[in-house]
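Structural overview
One letter stands for each residue in the lines below.
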2 protein chains.
Amino acid sequence: MKRIHVKKGEILQRRGELDSKVYHVVSGLLRSYTLDEKGKEHIFMFAHENWTVGDNLPKDVPCELYIDALEESDVWVLQKDIKREAQNVGAFLKRLSVLQKRIIMLMSASAIERFEHFEKTYPDIIQRVPQKMIASYLGIAPETLSKIKRERYK
Amino acid sequence: MKRIHVKKGEILQRRGELDSKVYHVVSGLLRSYTLDEKGKEHIFMFAHENWTVGDNLPKDVPCELYIDALEESDVWVLQKDIKREAQNVGAFLKRLSVLQKRIIMLMSASAIERFEHFEKTYPDIIQRVPQKMIASYLGIAPETLSKIKRERYK
DNA sequence: AGAATCCATTAATCTACATTAAGAAATGAG
DNA sequence: CTCATTTCTTAATGTAGATTAATGGATTCT
């Protein structure tokens, strides 16, 4: 846990890095964002005074967010040595990362991509709920989901 | 903390309730969802075996999610007596609730509504970042944000 | 079993928002 | 101060996905 000073525009984290840190803003303003295939930015979160940004993934999983400074900032950099806090916190982290992924998908992925991601992530749930509920989860109309699947297998 | 058995279709929680609980699924399948003004359902999350659902709000804040059972289920019902766990967990809960709200907005609100919500929630950040970044956060094109604001004040 | 409800699929039409392009305004660097 | 870059606005056109509606097949209820 150390304190750093960053200038405007400085990049603190890039997608794909391992052992990503958590950043707690003392002063200034950070932002985390993703880049889609077309190179378009999707801002995931702004973090100003007393707020925290960072992927919430285990140390051995590559992170998905870029983090940079929108203003000159003072920041605490926290290691994620989760072990000691164990179970409880681990569960929170898992939920945070699921929600994060969900937001990223809603913002940057098409209906088809969202469905394909869902298929991979929750293969069992697909069998257990009606399609219209999957559509509702994905944020698309049931008719659209139907169309997607048709085009997919033809 | 008690264990309950619920039948398919049973409603465990309605939007607006205070002192909402957290539900941990032992067997079966739950779902949480919102209803928009048009009465349309937007599923926030499926929770199957060993997963957890629930708003992550303080006891005195009305919850935003409905929760019901998609299958006959066994569930642990947990009180949210957060006090003892203090700071750390409190911060997680806050982050979870922000992400939850974000997903709900992305799924059920129009561009204008998302902007108005952002205005209210982060009045200070609006002053500090370019509009195109706010658009990127809201998941809309900068041109659309520009149009929205024009129509708004005319 | 028969009735009623729910669900998936298709097709036609509609709409919110994206994209593109171009000029005006603001910001910043030297 | 001035030129360059970034940002904002406006308008024209395009498109992914919503909406509506109709049909047939499954489920569930009595």
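Just so it is clear, the model here is predicted, and its values are computed rather than measured.

Criteria and cut-off values
Residues numbered from 1 in each chain as written. Chains lettered and ligands numbered in written order. Predicted model: local features only at pLDDT ≥ 70, side-chain atom pairs only at ≥ 80, totals over all residues. Heavy atoms only, no water. Core = buried A, V, L, I, M, F, W, Y, C linked by side-chain atoms within 4.5 Å. Buried < 20%, exposed > 50% of the residue type's maximum accessible area, 1.4 Å probe, protein only. Helix = DSSP H or I, 4+ residues; strand = E, 2+ residues; numbered from the N terminus. Contact = heavy atoms within 4.5 Å. Least-squares fit on C-alpha atoms with pLDDT ≥ 70 in both. Near = heavy atom within 4 Å. Polar contact = N/O pair within 3.5 Å; in protein donor to acceptor, adjacent residues only side chain to side chain. Buried area = accessible area lost by both parts, 1.4 Å probe. Salt bridge = Lys/Arg side-chain N within 4 Å of Asp/Glu carboxyl O. Nonpolar A, V, L, I, M, F, W, Y, C, P; charged D, E, K, R; others polar. Domains from an automatic or database assignment.

1. Quick notes on the nonpolar core
Within the largest apolar cluster, 69 residues are counted, with the highest numbers of intra-cluster contacts made by Tyr23(A), Leu30(A), Phe118(A), Val129(A), Tyr23(B), Leu30(B) and Phe46(B). At 10 residues, the largest contribution of residues to this core is made by helix α1 (residues 86-108) of chain A. Apart from the residues within four sequence positions on either side, Tyr23(A) is in contact with Leu12(A), Gln13(A), Leu30(A), Trp51(A), Thr52(A), Val53(A), Ile67(A), Val75(A), Trp76(A) and Val77(A). Formed by 20 residues, the second largest nonpolar core is a distinct cluster that contains Leu70(A), Phe118(B), Tyr122(B) and Ile140(B).

2. What to know about unusual backbone geometry
Although it is not a glycine, Asp19(A) adopts a positive phi angle of roughly 50°. With respect to the helices and strands, Asp19(A) occurs in the loop between β2 (11-13) and β3 (22-27). If you check the backbone angles, Asn50(B) has positive phi at about 70° while not being a glycine. Following the sequence through the fold, Asn50(B) ends up in the loop between β5 (41-47) and β6 (52-53).

3. Quick word on the relation of the copies chain B and chain A
In the superposition of chain B on chain A (RMSD 0.1 Å, axial shift 0.0 Å), the rotation amounts to 180°. The relationship between the two copies is best expressed as a two-fold rotation axis. Interface overlap between copies: 95% of the residues of chain B at the interface are likewise at the interface in chain A, consistent with a symmetric, same-surface contact.

4. Observations concerning the protein's contact with DNA strand D
Not every one of the 15 residues close to DNA strand D is listed here, only the nearest: Ala111(A), Ala141(A), Thr144(A), Gln131(B) and Lys132(B). In DNA strand D, atoms within 4 Å of the protein come 74% from sugar and phosphate. One of the backbone nitrogen or oxygen atoms of Ala141(A) is found 2.9 Å away from a phosphate oxygen of DNA strand D. In this structure, a phosphate oxygen belonging to DNA strand D sits 3.0 Å away from a side-chain N or O atom of Lys40(B).

5. Quick notes on the interface of chain B and chain A
Tallying the contact residues gives 44 residues for chain B and 42 residues for chain A. Taking both sides of the interface into account, the surface hidden between chain B and chain A amounts to around 3,900 Å²; carbon and sulfur atoms contribute 69%. Between chain B and chain A we count four salt bridges in total. Between Arg128(A) and Glu71(B) there is a salt bridge, and its shortest N-O distance comes to 2.9 Å. Linking chain B with chain A are 16 residue pairs in polar contact (both at pLDDT 80 or more), by the criterion used here. The biggest single contributor to the side of chain B that touches chain A is helix α1 (residues 86-108) of chain B, with 14 residues. The residue makeup of the side of chain B that touches chain A, split by class, is 24 nonpolar, 10 polar and 10 charged.

6. Describing the side chain of Ser108(A)
Residues and elements named next belong to chain A. In this fold, Ser108 is placed in helix α1. Of note is the side chain of Ser108, whose polar atom sits 2.7 Å from the backbone oxygen of Ile104. Sequence-distant contacts of Ser108, that is, excluding residues within four places in its chain, are made with Asp36, Glu37, His42 and Glu113.

7. So, the domain arrangement of chain A
Residues and elements named next belong to chain A. Annotation of chain A at the domain level lists domain 1 (2-106) and domain 2 (110-152). Here the C-alpha centre of domain 2 lies 29 Å away from the C-alpha centre of domain 1. Listed as interface residues are six residues of domain 1 and, on the opposing side, six residues of domain 2. Both sides together, the interface formed by domain 1 and domain 2 hides about 560 Å², and carbon and sulfur atoms give 57% of it. Considering only the surface of domain 1 that becomes buried against domain 2, Arg102, Met105 and Leu106 emerge as the three largest contributors, covering 73% of it. The interface formed by domain 1 and domain 2 holds one residue pair in polar contact (both at pLDDT 80 or more) in total.

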